[in-house]
Amino acid sequence: MMTIGLAHYLIFASVIFAIGLIGLTVRKNIIVLFMCVELMLNSGNITILAYARQFGDSDFHAAALFVMVIAAAEAALGLALVVAVFRYRGTANSDKLTLLKG
Amino acid sequence: MKRGKREAKVMLEMIINGVVFYLFAILSVIAAVFTISFVNPVKSAISMIFCLFCIACVYFTLSAAFVGIVQILVYAGAIMVLFLFVVLLLEKRDYENSTEDNINAAKIVSVLTAASLFTALTIAIGANGSAAFPPASDGFGSIKVLGSAIFQKYLFAFEALSVLILVAIAGVTLLASKKTAGDK
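Residues numbered from 1 in each chain as written. Chains lettered and ligands numbered in written order. Predicted model: local features only at pLDDT ≥ 70, side-chain atom pairs only at ≥ 80, totals over all residues.

Participant: So what about the overall build of chain B? Which residues, and what values?
Facilitator: Within chain B, the regular secondary structure consists of seven helices and zero strands. Along the chain direction, N to C, the helices and strands of chain B fall in the order α-α-α-α-α-α-α. Counting every position in chain B, which comprises 184 residues, the buried fraction comes to 24%. In chain B, the share of contacts with a sequence separation of at least 24, taken over all contacts with a separation of at least 6, comes to 56%. (Helix = DSSP H or I, 4+ residues; strand = E, 2+ residues; numbered from the N terminus. Buried ≥ 20, exposed ≤ 12 C-beta atoms within 10 Å, placed from the backbone. Contact = placed C-beta atoms within 7 Å.)

Participant: Hey, could you go over the interface of chain B and chain A for me, with residue numbers and the actual values?
Facilitator: Each partner contributes residues to the interface: chain B has 80 residues there, and chain A has 64 residues. Residue composition of the side of chain B that touches chain A, by class: 57 nonpolar, 18 polar and five charged. (Nonpolar A, V, L, I, M, F, W, Y, C, P; charged D, E, K, R; others polar.)

Participant: Give a description of the nonpolar core that names residues and reports values.
Facilitator: Burial of nonpolar side chains together is a common tendency in soluble globular proteins. Counting residues in each nonpolar core, the largest one holds 70 residues, and the members touching the most others are Ile16, Ile31, Met35, Ile46 and Leu49 of chain A together with Leu52 and Phe83 of chain B. For this core, the domains that each give at least three residues are domain 1 (9–91) and domain 2 (142–179) of chain B. Ile16 of chain A has contacts with Leu39, Asn42, Ser43 and Ile46 of chain A together with Val29 and Ala32 of chain B, leaving out every residue within four places of it along the chain. (Core = buried A, V, L, I, M, F, W, Y, C linked by C-beta atoms within 7 Å. Domains from an automatic or database assignment.)

Participant: Can you break down the packing of helix α1 (residues 6–26) of chain A against helix α5 (residues 105–126) of chain B residue by residue, with the values?
Facilitator: At their nearest, the axes of α1 of chain A and α5 of chain B sit 9 Å apart, and the two run at 170° to each other. Comparing the axis directions of α1 of chain A and α5 of chain B gives the class roughly antiparallel. Residues Ala7, Leu10, Ile11, Ser14, Val15, Ala18, Leu21, Ile22, Thr25 and Val26 of chain A of α1 of chain A touch α5 of chain B, and the partners they reach there are Lys107, Ser110, Val111, Ala114, Ala115, Leu117, Phe118, Leu121, Thr122, Ile125 and Gly126 of chain B. Classifying every residue of the contact of α1 of chain A with α5 of chain B gives 15 nonpolar, five polar and one charged. (Axes fitted to C-alpha atoms, helices over the stretch in contact; angles between N-to-C directions. Parallel < 35°, antiparallel > 145°, perpendicular 65-115°, else oblique.)

Participant: Talk me through helix α3 (residues 59–89) of chain A; I want residue IDs and the actual numbers.
Facilitator: Here α3 of chain A is 31 residues long and its end C-alpha atoms lie 44 Å apart, about the 45 Å a rise of 1.5 Å per residue gives. Where α3 of chain A is buried, its residues touch α2 (30–55) of chain A together with α3 (65–89), α6 (143–153) and α7 (155–176) of chain B. Gly90 of chain A occupies a position one or two residues after α3 of chain A and carries a positive phi of about 75°. (Expected span 1.5 Å × (residues − 1).)

Participant: So what about unusual backbone geometry? Which residues, and what values?
Facilitator: Not every positive phi belongs to a glycine, and Ser63 of chain B is a case in point at roughly 50°. The residue Ser63 of chain B is located in the loop between α2 (41–61) and α3 in this model.

Here it is in structure tokens:
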């Protein structure tokens, strides 16, 4: 019997979050790091929507949409930063960006 | 007779939701793993698009159809195209001779940390058992209800977000223009 409930969605969200966290710490390319941040934001959205279904409240959906808007703004700003850094330093490798290293 | 029909419909919906959930959850986890394992960022971005699409299909099983459609349009469409543009703007050689393949202590520690986080979350979630969702009320997740929530209850948050977007546009324009400090 395939009854799925809140726990399934929460575990799915935590899988996505863990994959995003691994990617964030393992990868070096800044653009891929941004993709991993987007993955983690999406796992948060899955959690919000699963609780929306659990409590039967559509207000959560508005919250999920607002999270998406903020993620879009964050991606645009972050990618502009990446382009600026690339123009200035000539690389998108997070290991070579040591400007703030003491 | 009518009640039995309704129960059968609810049962069918539950089974379909289960099948769709498992299918797209597994697909999106695979796509997410591909996203973080491809060395070429273009391939990463493509599998990320597929992953976001599968997550949108998971949203559909939560009767969040509008949020799922917005996810496909905004995330898989607009944001990931922006990512692809930036990937294609940056030079190709930058990732070809990168050190992504090195396995060092820091990577092992990070994978272990993420794995232990996942295990802790799973144990904490699993301890509460897995009951099915209560039946959704009529109009749950519909555009009508969602629109009245956004434009009445959360109107201030909505307007504040539009200001945030405006600030983001100004910031991006500043960062991307050639006359800024980053270019001297």
